[in-house]
Amino acid sequence: MNIQDYISSGIIESYVLGLLSEKERAEVEAMSRKHAEVLAEIELIEGTLMSHASKNPPSALKQKIQSEIDFTKNTVLTLQPNKNRSWLLAASIALLIGSSIYNVILLNNIKDNEEQIASIVLKNEQYATDFESQSKSYGEMAQEMAVLMHPENKKIMLKGMEMSPTSLAALYWNQNTKDVYINVNSLPMPSDDKQYQLWAIVDGKAVDAGVFDMKSDSASLQKMKTIVGAQAFAVTLEKKGGSSSPTMSAMYLMGNV
Amino acid sequence: MKKNPFTEEELVSLLKNKDANAYNVLYDNYSSALYGIVSRIIPAEEIAQDLLQDVFIKIWKNIEKYDTSKGRLFTWMLNIARNSAIDYSRSKQFKLENKIHDIDNSVYEVNEQNIVSFNSDTIGIKEEVHKLKEEYRKLIDFIYFKGFTQEETSKELNIPLGTVKTRVRAAIIELRKKMN
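Residues numbered from 1 in each chain as written. Chains lettered and ligands numbered in written order. Predicted model: local features only at pLDDT ≥ 70, side-chain atom pairs only at ≥ 80, totals over all residues. Heavy atoms only, no water.

Time to look at the packing of helix α4 (residues 73-89) of chain B against helix α7 (residues 134-145) of chain B. Think of two packed helices as two axes; the pair is described by the angle between the axes and how far apart they sit. Residues and elements named next belong to chain B. Running from N to C, α4 and α7 cross one another at 90 degrees; their axes reach a closest spacing of 11 Å. Taken together, α4 and α7 sit at an angle that is classed as roughly perpendicular. Taking contact as the criterion, the partners of Phe74, Leu78 and Arg82 in α4 are, on α7, Ile143, Tyr144 and Phe145. A class-by-class count of the residues in the contact of α4 with α7 yields five nonpolar, no polar and one charged. (Axes fitted to C-alpha atoms, helices over the stretch in contact; angles between N-to-C directions. Helix = DSSP H or I, 4+ residues; strand = E, 2+ residues; numbered from the N terminus. Parallel < 35°, antiparallel > 145°, perpendicular 65-115°, else oblique. Contact = heavy atoms within 4.5 Å. Nonpolar A, V, L, I, M, F, W, Y, C, P; charged D, E, K, R; others polar.)

Okay, structure coming up:
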């Protein structure tokens, strides 16, 4: 087929009007690259069809449409995913910041809670200690009470002698166990190298019943040595650790059974 | 038609590169033809202008999808323009507006299939078209403006397919003569 026959076959009109299959299109394009006449005919037919349709839009429309066109590179088609991605990125950053802030808040809450727990534990320990000492002192008091209230006790009042006439002490002597307790609250404070010593007078002889200290706690009951068969008790001021025999000139208290 | 400083391949390549100058060349060279095609389907000027804007935005958005294996750039854009206008003519909005226009003695009408038919006396198809033989005019209307295939045109005009093919060429040659 010569070129003129090809041109006049009608295939070029069909090509410009978009009526050909992909295969036929490829054929026309190959011909148009090979033969300048074919390309010229394509352009001629195209120009004719364009002129035939031609109607000028208002000139202002050009500017209006141009303002709607996005001239940034990689626009429109790829813009959508880009936009989406930047939206996602912004959202993720916001989420990350939000969650970080929340984490810090949580962490602070945990810290606060830990501090509160620590202070509660400390308080608990204090209460426990308090309770222990309370229950200990309660125990001591109960014990003292038990001693004082024991039905087999003999209570002996030791009265102040010339050295200290206003002094007074109570002595409890269990007739069964022979235990001796003394409750002293009004003897003068001795110097550091001296201690008061309790004596039991048994058949006219002074028997050592132990030394005791003056305690600040006036209610304190102190246990002394067990004594058998005493007719009287006396308190003297002796050297620290006690003496083997009482210093009669330093007798502070005495009471008969 | 304004002077196009680029070959078609150069223009397409520049358009794909989002070149603003290439866009101007594209608009200057093709806007009248595309506007004419849209106007023949939707004669209402304001709507046709909106449609032309949509057409150029579509072209711009989809230029990356275009390559020469799809045919001429004009052919590709012609399809976009024609489809946009035909889609609009089938839309509810158009039908509603068309009803209103009917009441106002509209210059155009829609047939039973809602396909626009043209009233060449009132929508300004160029003078030379009037002088075309009636069969050529119909052929160009069906294939070029309505986007009918040759088979559809053959059925619609009740002429053999082979005759359609030869008459298209004859009609375009006739058009060319009238223009010169």
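Here the narrative resumes, following the displayed structure.
Let's shift gears to the side chain of Glu238 of chain A. All names here are of chain A. In this structure, Glu238 sits in strand β7 (residues 232-239). Buried and unpaired, Glu238 has no salt bridge, with Lys239 as the nearest side chain of opposite charge at 6.4 Å. Polar contacts involving the side chain of Glu238 include one to the side chain of Thr236, which spans 2.6 Å. At a separation of 2.7 Å, a polar atom in the side chain of Glu238 contacts the side chain of Thr247. Each residue touching Glu238, except ones within four places of it in the same chain, is listed here: Asp193, Lys194, Gln195, Gln197, Trp199, Ser243, Ser245, Pro246 and Thr247. (Buried < 20%, exposed > 50% of the residue type's maximum accessible area, 1.4 Å probe, protein only. Lys, Arg positive; Asp, Glu negative; His and termini not counted. Salt bridge = Lys/Arg side-chain N within 4 Å of Asp/Glu carboxyl O. Polar contact = N/O pair within 3.5 Å; in protein donor to acceptor, adjacent residues only side chain to side chain.)

Residues and elements named next belong to chain B. Running from N to C, α7 and helix α9 (residues 161-179) point in directions that differ by 105 degrees, and their axes come no closer than 9 Å. As judged from the angle between their axes, α7 and α9 are roughly perpendicular. Every residue of α9 that contacts α7 at Glu135, Tyr136, Leu139, Ile140 and Ile143 is listed here: Val164, Arg167, Val168, Ala170, Ala171, Ile172 and Glu174. Looking at the contact of α7 with α9 residue by residue, the classes come out as nine nonpolar, no polar and three charged.

Let us now look at the layout of surface pockets. Reported here for the largest pocket is a volume of approximately 510 Å³. As for the largest pocket, its lining consists of 20 residues, of which Leu39 and Glu43 of chain A together with Glu8, Glu9 and Arg72 of chain B are closest to the centre. Mapped onto the lining of the largest pocket, the elements with two or more residues apiece are α3 (22-34) and α4 (36-53) of chain A together with α1 (8-16) of chain B. Among the elements that take part in the lining of the largest pocket, α4 of chain A stands out by supplying six residues, more than any other. Class assignment of the residues belonging to the lining of the largest pocket gives a composition of seven nonpolar, six polar and seven charged. (1 Å grid on protein atoms, 1.4 Å probe; cavity = no way out; pocket = protein on both sides within 12 Å on 5 of 7 lines; lining within 4 Å. Points joined across faces, edges and corners; volume = space filled by probe spheres on them.)

On average, residues of chain B score 81 in pLDDT, and 78% of them are at 70 or above. Here residues 101-116 of chain B is a poorly scored stretch, pLDDT under 50, and it has 21 contacts once near neighbours within four places are set aside; other chains count. (pLDDT = per-residue confidence, 0-100.)

Quick look at the nonpolar core now. Among the nonpolar cores identified, the biggest contains 70 residues, and Leu73 and Tyr144 of chain B are the most heavily contacted of them. Take this core: its biggest share by element is twelve residues, from helix α2 (residues 20-41) of chain B. Those residues in contact with Leu73 of chain B that lie beyond four places of it in its chain are Glu8, Leu11, Val12, Leu15, Leu26, Tyr30, Ile63 and Tyr66 of chain B. If you look at the next biggest cluster of nonpolar residues, it comprises 25 residues, including Val180, Val184, Phe212 and Met214 of chain A. (Core = buried A, V, L, I, M, F, W, Y, C linked by side-chain atoms within 4.5 Å.)

The terminal C-alpha atoms of α4 of chain B, which comprises 17 residues, lie 24 Å apart, in line with the 24 Å expected from a rise of 1.5 Å per residue. For α4 of chain B, the tally of buried residues reaches 14 of 17 residues, placing the bulk of the element in the interior. (Expected span 1.5 Å × (residues − 1).)

In total, this model carries twelve salt bridges over all chains according to the counting rule given. The closest approach of N and O atoms between Lys62 of chain A and Asp28 of chain B, which form a salt bridge, is 2.9 Å. Here the residue Lys62 of chain A occupies a position in helix α5 (residues 60-68), and Asp28 of chain B occupies one in helix α2, the pair thus bridging two chains. Between Asp179 of chain A and Lys223 of chain A there is a salt bridge, with the nearest N and O atoms lying 3.6 Å from each other. Of this pair, Asp179 of chain A sits in the loop between β2 (168-174) and β3 (180-184) while Lys223 of chain A sits in strand β6 (residues 221-224); the two residues are 44 residues apart in sequence, bridging distant segments of the chain. What makes Asp179 of chain A buried here is its relative accessible area of 15%. Look at the salt bridges and you will find they share partners, linking Glu13 and Glu41 of chain A together with Arg169 and Arg176 of chain B into a network.

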